[in-house]
2 protein chains.
Amino acid sequence: MFLRANERKIDKKENMRGGDGTVVMGSFLPEEKLLHTRLISKIELAPGCSIGCHTHEGEFEAFYFLEGEITLNDNGATVKAQPGDFSICFDGENHGIRNDTDKPASLLAFIITKAE
Amino acid sequence: MFLRANERKIDKKENMRGGDGTVVMGSFLPEEKLLHTRLISKIELAPGCSIGCHTHEGEFEAFYFLEGEITLNDNGATVKAQPGDFSICFDGENHGIRNDTDKPASLLAFIITKAE
């Protein structure tokens, strides 16, 4: 299966997980069931946008940072993530992200679950 | 868990899956066991480098294309992948990649397995 960047399914989410502004989620997840996977998305954060801190249970979420600087709350530790950096929110941990800059920022996210 | 881009574990593989040249695999996979996941890597293909066509069984592999143009054999179909494009090699399918250009190319890859 091959998808062009502009074929991802765009979903705009306001105040996601209690965060600020409108987050653009661009899903690459195919319609057919994909082994243990519930999300594969490019997440775009305009200046000032955020996804509030939330916990993952029975799954993990990985972030690969693509563009701009993103302030990551990584299970309580705050880091300024740059393009090429990577994070995992392990099962039972929590994380949140914020664009505190005046430039666009984005990352690739995927969530892998215990469920079939 | 947070890793800077330069903290990925570099492994150089020659003639990978029967391909040409030396492929640079940069792993972000943590040492602790990660649910259903056997690979999370930035793959770098210098000009002329390739990973030969191979089949995935009991797992799938996703590619998010980061840099340069990569010629993808996606289960028999040939496409020229650009940054932001995405592909999945489903369980039982095959794929291969080649950098036919004179510029560097890279992608992020992850493999999700049926196994625990």
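Within each chain, residue numbers correspond to sequence positions counted from 1 in written order. A letter from A marks each chain and a number from 1 marks each ligand, given out in the order of writing. Since the coordinates come from a predicted model, pLDDT governs what is reported: local features require at least 70, and pairs of side-chain atoms require 80 or more to be given and counted, while whole-chain, interface and lining totals use all residues. Only heavy atoms go into the side-chain values, all of them from the structure, while hydrogens and water stay out.

K.L.:
Which parts of the structure should I look at to understand the overall build of chain A?
P.N.:
Comment: elements are numbered from the N terminus, with helices defined as DSSP H or I runs of at least four residues and strands as E runs of at least two. Looking only at helices and strands, chain A features 0 helices and 11 strands. Reading chain A from its N end, one meets helices and strands in the order β-β-β-β-β-β-β-β-β-β-β. Both definitions apply: the radius of gyration is a C-alpha atom measure, and the globule rule equals 2.2 Å times residues to the power 0.38. Its C-alpha radius of gyration of 14 Å places chain A within 12% of the 13 Å reference for a compact globule of 116 residues. In terms of its C-alpha atoms, chain A occupies a principal-axis envelope of roughly 40 × 35 × 25 Å. Taking all 116 residues of chain A together, the buried fraction comes to 54%. Residue contacts follow a heavy-atom distance rule, with two residues in contact if any of their heavy atoms lie within 4.5 Å. Partitioning the contacts of chain A with sequence separation of at least 6, the portion at a separation of at least 24 is 61%. For the accessible areas, the method is Shrake-Rupley and the probe is 1.4 Å, while residue cover comes only from the protein chains on display. Working note: accessible area of chain A is about 5100 Å², and carbon and sulfur atoms make up 46% of it. When accessible area is computed with a 1.4 Å probe and restricted to protein chains, residues below 20% of their type maximum are described as buried, those above 50% as exposed, and intermediate ones as partly exposed.

K.L.:
Would you mind showing me how to read the relation of the copies chain A and chain B here?
P.N.:
Put simply, the two copies of the chain differ by a rotation about an axis and a shift along that axis. For the least-squares superposition of copies, only C-alpha atoms count, and only for residues with pLDDT at least 70 in both. Once chain A is rotated about the relating axis by 180 degrees and shifted along it by 0.0 Å, it coincides with chain B to within an RMSD of 0.0 Å. Expressed as an axis order, the relation between the two copies is that of a two-fold axis. Taken together, the interface assignments show that 100% of the residues at the interface of chain A recur at the interface of chain B, consistent with an identical surface on both copies.

K.L.:
Would you mind showing me how to read the packing of aromatic side chains here?
P.N.:
One pair of aromatic rings is described through two measures. These are the centre distance and the angle between the planes. Working definition: a ring pair exists when centres of Phe, Tyr or Trp rings (six-membered ring for Trp) sit within 6.5 Å. Plane angles under 30 degrees give stacked, over 60 give edge-to-face, the rest tilted. Per the stated rule, a full pass over the model turns up 11 aromatic pairs over all chains. Geometrically, the ring pair formed by Phe63 of chain A and Phe65 of chain A is edge-to-face, given 6.0 Å between the ring centres and 75 degrees between the ring planes. Phe63 of chain A gets classed as buried once you look at its relative accessible area, which sits at 2%. With 4.7 Å between their ring centres and 25 degrees between their planes, Phe86 of chain A and Phe28 of chain B make a pair best called stacked. Here Phe28 of chain B lies in the loop between β3 (22-27) and β4 (37-45) and Phe86 of chain A lies in strand β9 (residues 86-89), a pairing that spans two chains. Each member of the pair Phe86 of chain A and Phe28 of chain B is classed as buried. A connected cluster of aromatic rings, assembled from ring pairs, spans Phe60 and Phe110 of chain A together with Phe60 and Phe110 of chain B.

K.L.:
Just checking my understanding: could you explain unusual backbone geometry for this structure?
P.N.:
In this model, Asn15 of chain A sits at a positive phi of 50 degrees, which is unusual for a non-glycine residue. Within the element layout of this structure, Asn15 of chain A appears in the loop between β2 (9-14) and β3 (22-27). Despite not being glycine, His36 of chain B shows a phi value in the positive range, around 60 degrees. Positionally, His36 of chain B belongs in the loop between β3 and β4. Among the residues examined, His36 of chain B registers a relative accessible area of 1% and is labelled buried.

K.L.:
Help me understand the pattern of salt bridges, please; the structure alone is not making it clear to me.
P.N.:
Close approach of charged atoms allows side chains of opposite charge to pair. We count a salt bridge whenever a side-chain nitrogen from Lys or Arg sits within 4 Å of a carboxyl oxygen from Asp or Glu. This model, assessed by the stated rule, comprises 16 salt bridges over all chains. Note that Arg4 of chain A is salt-bridged to Asp85 of chain B, the shortest N-O span being 2.5 Å. In this pair, Arg4 of chain A sits in the loop between β1 (2-3) and β2 while Asp85 of chain B sits in the loop between β8 (77-81) and β9 (86-89), so the two residues belong to two different chains. According to the relative accessible area criterion, Arg4 of chain A is partly exposed, its value standing at 30%. Of the charged contacts in the structure, one is a salt bridge between Arg8 of chain B and Glu44 of chain B, with a shortest N-O distance of 3.0 Å. Residue Arg8 of chain B is found in the loop between β1 (2-3) and β2 (9-14), and its partner Glu44 of chain B is found in strand β4; the two are separated by 36 residues along the sequence.

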